[in-house]
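Close look at the chain arrangement
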Amino acid sequence: MSPERHSPEGHVTGPGEAAPEEGRTHWRRSLAVAVPALLAAGGLGTAMASGALAVGLKIQDRPVDFTTSSLYGTQYGAAVVDQAVVRPDGSAGTVRVLRMGFADGVINGLCLSQKQQIGGATYTLMLVLGDDDSGSWEIRTKNTVLDLKNATGVLDMDGIVDLNTNGADVKTVKDSSGAYVDNPLNSPQHRFGIQARYAKFDRITGTAQDFQLPGLLTTPKLKLSVKPGSVACPAPPAPTGTPGTP
């Protein structure tokens, strides 16, 4: 990765560092923890008090709003896919999303908020991970998958960057033999696709239809709260410093 490279839009890419070792990735594997089931998870308070967590996180029952100062990862891929959903009447359907995946990543703070109806009243379930340092990139994760309905931020890519119009051609993951895994994002033919060796996505504000941070996810701190009304995550601060190697 070049130390300073500007994209056509004038944004600066992430700083240079040695390429980390590549490993096998399963983009869609099952995860250990679900929200809002976290509310009833035994032992969560003890884990939070210890100041160190190693958990998996999966949110699929309804869209979740999120913000983060920065997401940086290797073996980045993105493609347009149809995500399965359950409609309010209970019938099955699909929604078109942009699926993004990172094989190895670091995240600079993360806030998730999801509205819930309890007894006819609106409440917001809010989950905040990480510390208050905008330069620490303290959350580490593997096999991260985001199905985005919408998102704003600054995306910079480096290494070998490939843009194509066929999502099924996206190959960012290698198996144990070193061969590329076909279509790791499970995207159909004739859809937009993109891949890059490195990607850095700063000051993200968005809504995800599906949000997966599988184990091993590590974060120094986690705060879970239920707030009355509709409450949004705070605007993400600009990151400072440089991300560490995932």
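Fair warning: this is a prediction, and the values are worked out from it, not measured in the lab.

Concerning the overall build of the chain
Scanning the chain for helices and strands turns up one helix and eight strands. Listed by position from the N terminus, the elements making up the chain come as α-β-β-β-β-β-β-β-β. Counting every position in the chain, which comprises 246 residues, the buried fraction comes to 46%. The contacts in the chain between residues at least 6 apart in sequence include a share of 82% that link residues at least 24 apart.

Focus on the confidence of the model for the chain
For the chain, mean pLDDT is 77; residues scoring 70 or higher make up 75% of the total. The secondary structure element of the chain with the lowest average pLDDT is helix α1 (residues 44-50), at 43, and the one with the highest is strand β2 (residues 64-86), at 91. Predicted confidence is poor over residues 1-51, with pLDDT under 50, and the contacts of this stretch with residues over four places away or in other chains come to 123 contacts.

Section: the state of the cysteines
Scanning all chains against the criterion turns up one disulfide. Cysteine 111 shares a disulfide with cysteine 233; S-S distance 2.0 Å. Between cysteine 111 and cysteine 233, the disulfide has an S-S torsion of -80 degrees and is therefore left-handed. Taken together, the positions of cysteine 111 in strand β4 (residues 110-118) and cysteine 233 in the segment after β8 (222-228) put the pair 122 residues apart, joining distant regions of the chain. Each of the two residues, cysteine 111 as well as cysteine 233, counts as buried.

Details of the nonpolar core
Counting 27 residues, the largest nonpolar core has Phe66, Tyr76, Met100, Leu110, Leu112 and Phe211 as its most contacted members. Per-element accounting of this core gives the leading share, nine residues, to strand β7 (residues 193-219). In contact with leucine 112, other than residues within four places in its own chain, are Leu57, Ile59, Val64, Asp65, Phe66, Leu125, Met126, Leu127, Phe211 and Cys233.

Some points on the pairing of β4
Direction of pairing for β2 relative to β4: antiparallel, over a ladder of three bridges. Within β4, the residue paired with aspartate 65 across the bridge is serine 113. Note: β4 against strand β5 (residues 121-129), nine bridges, orientation antiparallel. The residue of β5 that forms the bridge with leucine 112 is leucine 127.

A look at the side chain of arginine 191
Topologically, arginine 191 is positioned in the loop between β6 (139-164) and β7. Residues within four places of arginine 191 in sequence aside, it is in contact with Val80, Val81, Asp82, Arg96, Asn164, Thr165, Asn166 and Gly167.

Describing the pairing of strand β3 (residues 92-107)
For β2 and β3, the ladder comprises 14 bridges, and the chain directions are antiparallel. The partner of valine 80 across the bridge, within β3, is leucine 98. Note: β3 against β6, nine bridges, orientation antiparallel. Residue pairing for β6: glycine 101 is matched across the bridge by valine 145.

Description of the pattern of salt bridges
Under the definition given, this model contains seven salt bridges. Across the pair lysine 115 and aspartate 65 runs a salt bridge whose closest N-O atoms are separated by 3.7 Å. Taken as a pair, lysine 115 in strand β4 and aspartate 65 in strand β2 lie far apart in primary sequence, 50 residues in all. One salt bridge connects lysine 171 with aspartate 182, and the closest N-O pair in it is separated by 3.3 Å. Taken together, the positions of lysine 171 in the loop between β6 and β7 and aspartate 182 in the loop between β6 and β7 put the pair eleven residues apart, joining distant regions of the chain. The network of salt bridges with common partners includes Asp82, Arg96 and Arg191.

Conventions used here
Residues numbered from 1 in each chain as written. Predicted model: local features only at pLDDT ≥ 70, side-chain atom pairs only at ≥ 80, totals over all residues. Heavy atoms only, no water. Helix = DSSP H or I, 4+ residues; strand = E, 2+ residues; numbered from the N terminus. Buried < 20%, exposed > 50% of the residue type's maximum accessible area, 1.4 Å probe, protein only. Contact = heavy atoms within 4.5 Å. pLDDT = per-residue confidence, 0-100. Disulfide = S-S within 2.5 Å. Core = buried A, V, L, I, M, F, W, Y, C linked by side-chain atoms within 4.5 Å. Pairing = 2+ DSSP bridges. Salt bridge = Lys/Arg side-chain N within 4 Å of Asp/Glu carboxyl O.

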